[in-house]
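Report on the structure
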Amino acid sequence: VGKKVQAIYLWWHKPVINKELLQSLPNLKVIANSGVGMDHLDLKLVASFGVKMANAPRAVSSSTADTGMALLLASARRLVEVHNISISPRMEYYEADILGVKVAGATLGIIGMGSIGYKIALRAKAFEMNILYHNRTRRKAQEEQAVGATYCKKIDSLLQQADFVMVVVSLTPQTHMLIGKRELELMKPTATLINISRGAVVHQEALAAALQTGVIRAAALDVTSPEPLPRDHPLLKLKNVIITPHLGIKTDKASYMITEEAVENILAALNGLPLPSEVLPS
């Protein structure tokens, strides 16, 4: 049926798009992705076959922003730790051992202020947080004012000031291992790192060492590299880490909206119309 296939809808990176598959589908016009991140695709290779690509930014931004704030709050108030205490047979603890950190009035540093990053800023404003952000391009003044965000041209300035650092960038050669030993050491010892982008954006061995030695207070990760982590990975043994299995967009409504957005892009491509969410190779 290779000659009949005109569109591919990728769900969770499947099917794998490689040269052999593209060669077997001579009439393929479009690949629609179920999410924003396109790091699993060789964009230049796909484009060389004359195939258009689209993602689903509108459908995923709110659910992913919710996940980021959930991780921030859960880490700040140590929800996983206190849940385990609450269900333990003896439920013994000292109040000093379960003290969290205050979110209201704290400073949130957002690395990557795209559609998801901006929705995180909107949520953080409701929690009375001070907001810093670092992005390749600065947001418009009215957008900054709407959420009370301050632009940091250099990432170092953001890392030095933030109580919570939220990473919301796409995985590219430029962002691979963006947060390493040097960046972690710039952060406050009381700070928390939250990663909802891609696991490879953070140097995980450096993060584990920083958490073990008190370089930073805690981490909350919705993404790892690989997913899942090997069962003997040091991050899985630390109390000051929360790890979730890439929950980002996993809500019933978001899944439905992603499919709608993908279908919209596919129909546009098949009818020779502009794709609402077209992604071009950089």
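Fair warning: this is a prediction, and the values are worked out from it, not measured in the lab.

So, the overall build of the protein
- The secondary structure content of the protein amounts to ten helices and ten strands.
- Counting only C-alpha atoms, the protein reaches 65 × 45 × 35 Å along its principal axes.
- Taken across its 282 residues, the protein has 45% of its residues classed as buried.
- Expressed as a percentage of contacts within the protein between residues at least 6 apart in sequence, the contacts between residues at least 24 apart total 61%.
- For the protein, the exposed area adds up to about 14900 Å²; of that, 57% sits on carbon and sulfur atoms.
- If you average the places of the 31 positive and of the 24 negative side-chain charges in the protein, the two averages end up 4 Å apart.

With respect to the side chain of Thr224
- Looking at the secondary structure, you find Thr224 in the loop between strand 9 (218-221) and strand 10 (241-243).
- In this structure Thr224 comes out as buried when scored by relative accessible area, which is 8%.
- There is a polar contact of 2.7 Å between the side chain of Thr224 and the backbone oxygen of Pro226.

Points about the domain arrangement of the protein
- Taken as a whole, the protein is organised into domain 1 (2-58 + 250-271) and domain 2 (60-243).
- Distance from the C-alpha centre of domain 1 to the C-alpha centre of domain 2: 30 Å.
- With eleven residues of domain 1 in contact, the opposing surface of domain 2 contributes six residues.
- At the boundary of domain 1 with domain 2, total buried surface from both sides reaches about 670 Å², with 50% on carbon and sulfur atoms.
- The largest contributions to the domain 1 side of the interface with domain 2 come from Val36, Asp39 and Pro57, which together make up 48% of the buried area.
- At the boundary of domain 1 with domain 2, the tally comes to one salt bridge.

Structural notes on the sheet that holds strand 1 (residues 7-10)
- One open sheet accounts for three strands, arranged 1-2-3; its pairing is parallel. Where the open sheet ends on each side, the last strands, each with one partner, are strand 1 and strand 3 (52-54). Adjacent strand axes in the sheet meet at a mean angle of 15° when their direction is disregarded.
- Direction of pairing for strand 1 relative to strand 2 (residues 30-33): parallel, over a ladder of four bridges.

Quick notes on the layout of surface pockets
- Roughly 400 Å³ of volume is contained in the second largest pocket.
- It is helix 4 (residues 79-87) that contributes the most residues to the lining of the second largest pocket, five residues altogether.

Focus: unusual backbone geometry
- A cis amide bond links Ser225 to the next residue, Pro226, at an omega of 0°.
- Assignment of secondary structure puts Pro226 in the loop between strand 9 and strand 10.
- With an omega of -5°, the peptide bond running from Glu227 to Pro228 counts as cis.
- Within the chain, Arg78 stands out as a residue other than glycine whose phi angle is a positive 55°.
- Inspection of the secondary structure puts Arg78 in the loop between helix 3 (57-76) and helix 4.

Details of the pattern of salt bridges
- In this structure the tally under the stated criterion is twelve salt bridges.
- Arg78 is the salt-bridge partner of Glu81, the closest N and O atoms lying 3.0 Å from each other.

Comments concerning the UniProt feature "domain: D-isomer specific 2-hydroxyacid dehydrogenase catalytic" (unreviewed entry) in the protein
- UniProt records the feature "domain: D-isomer specific 2-hydroxyacid dehydrogenase catalytic" (unreviewed entry) at residues 10-279, using the numbering of this structure.
- Overall, residues 10-279 shows 38% helix and 13% strand. The separation of its end C-alpha atoms is 14 Å.

Observations concerning helix 9 (residues 204-213)
- Restricting attention to buried positions, one finds in helix 9 the residues Gln204, Ala206, Leu207, Ala208, Ala210 and Leu211.
- Looking at the buried side of helix 9, the elements it contacts are helix 8 (181-186), strand 8 (192-195), strand 9 and strand 10.
- At the exit of helix 9 stands Gly214, carrying a positive phi of roughly 80°.

Re the packing of aromatic side chains
- Per the stated rule, a full pass over the model turns up two aromatic pairs.
- Between the aromatic rings of Tyr9 and Trp11, the centroid separation amounts to 6.1 Å while the plane-to-plane angle is 70°, which identifies the pairing as edge-to-face.
- Residue classification places Tyr9 among the partly exposed positions, given a relative accessible area of 27%.
- Each ring, one from Tyr133 and one from Tyr151, has its centre 5.2 Å from the other, and the planes form 50°; the classification is tilted. Placement of the pair is Tyr133 in strand 5 (residues 130-134) and Tyr151 in strand 6 (residues 149-151), with a sequence separation of 18 residues. Across this residue pair, the class does not change: Tyr133 and Tyr151 are buried.

Calculation rules
- Within every chain, residues take consecutive numbers counted from 1 along the sequence as written.
- The model is predicted, so local features are restricted to residues of pLDDT at least 70 and side-chain atom pairs to those at 80 or more, both for listing and for counting; the totals for chains, interfaces and linings are taken over all residues.
- To obtain the side-chain values, all non-hydrogen atoms of the structure were included, while hydrogens and water were left out.
- A helix here means a DSSP run of H or I that spans at least four residues, while a strand means a run of E at least two residues long, and both kinds are numbered starting from the N terminus.
- With a 1.4 Å probe rolled over the protein chains alone, any residue whose accessible area is under 20% of its type maximum counts as buried; one over 50% counts as exposed, and the rest are partly exposed.
- The contact definition used throughout considers only heavy atoms, calling two residues in contact when any of these lie within 4.5 Å.
- All accessibility values rest on the Shrake-Rupley procedure with a 1.4 Å probe; residue burial counts only the protein chains present in the view.
- Charge assignment in this entry is limited to Lys and Arg as positive and Asp and Glu as negative, and neither His nor the chain termini are counted.
- One atom stands in for each charge, and that atom is NZ of Lys, CZ of Arg, CG of Asp or CD of Glu.
- Between N or O atoms, a polar contact is any pair within 3.5 Å; within protein, one atom must be a potential hydrogen donor and the other a potential acceptor, and residues adjacent in sequence are included only when both atoms are from side chains.
- What fixes the domain bounds is an automatic or database domain assignment.
- When two components associate, each loses some accessible surface as probed by a 1.4 Å sphere; the sum of these losses over both components is called the buried area.
- Within this document, salt bridges are pairs made up of a side-chain nitrogen of Lys or Arg and a carboxyl oxygen of Asp or Glu, the two lying within 4 Å of each other.
- A strand pair is defined by DSSP finding two or more bridges across the two strands.
- Throughout, an axis means a line fitted to C-alpha atoms (over the contacting stretch in the case of helices), and angles, computed between N-to-C directions, take values from 0 to 180 degrees.
- Method remark: on a 1 Å grid restricted to protein atoms, a set of points is classed as a cavity if a 1.4 Å probe fits but cannot get out and as a pocket if it is open with protein on both sides within 12 Å along at least five of seven lines; lining residues have an atom within 4 Å of a point.
- Grid points are joined across faces, edges and corners, and a volume is the space filled by probe spheres set on the points.
- UniProt positions are given in the numbering used here, feature names are shortened, and annotations may be inferred rather than shown by experiment.
- Stacked, tilted and edge-to-face are the three classes applied to pairs of Phe, Tyr and Trp rings, where Trp contributes its six-membered ring and a pair requires centres within 6.5 Å; stacked means planes under 30 degrees apart, edge-to-face means over 60, and tilted covers the rest.

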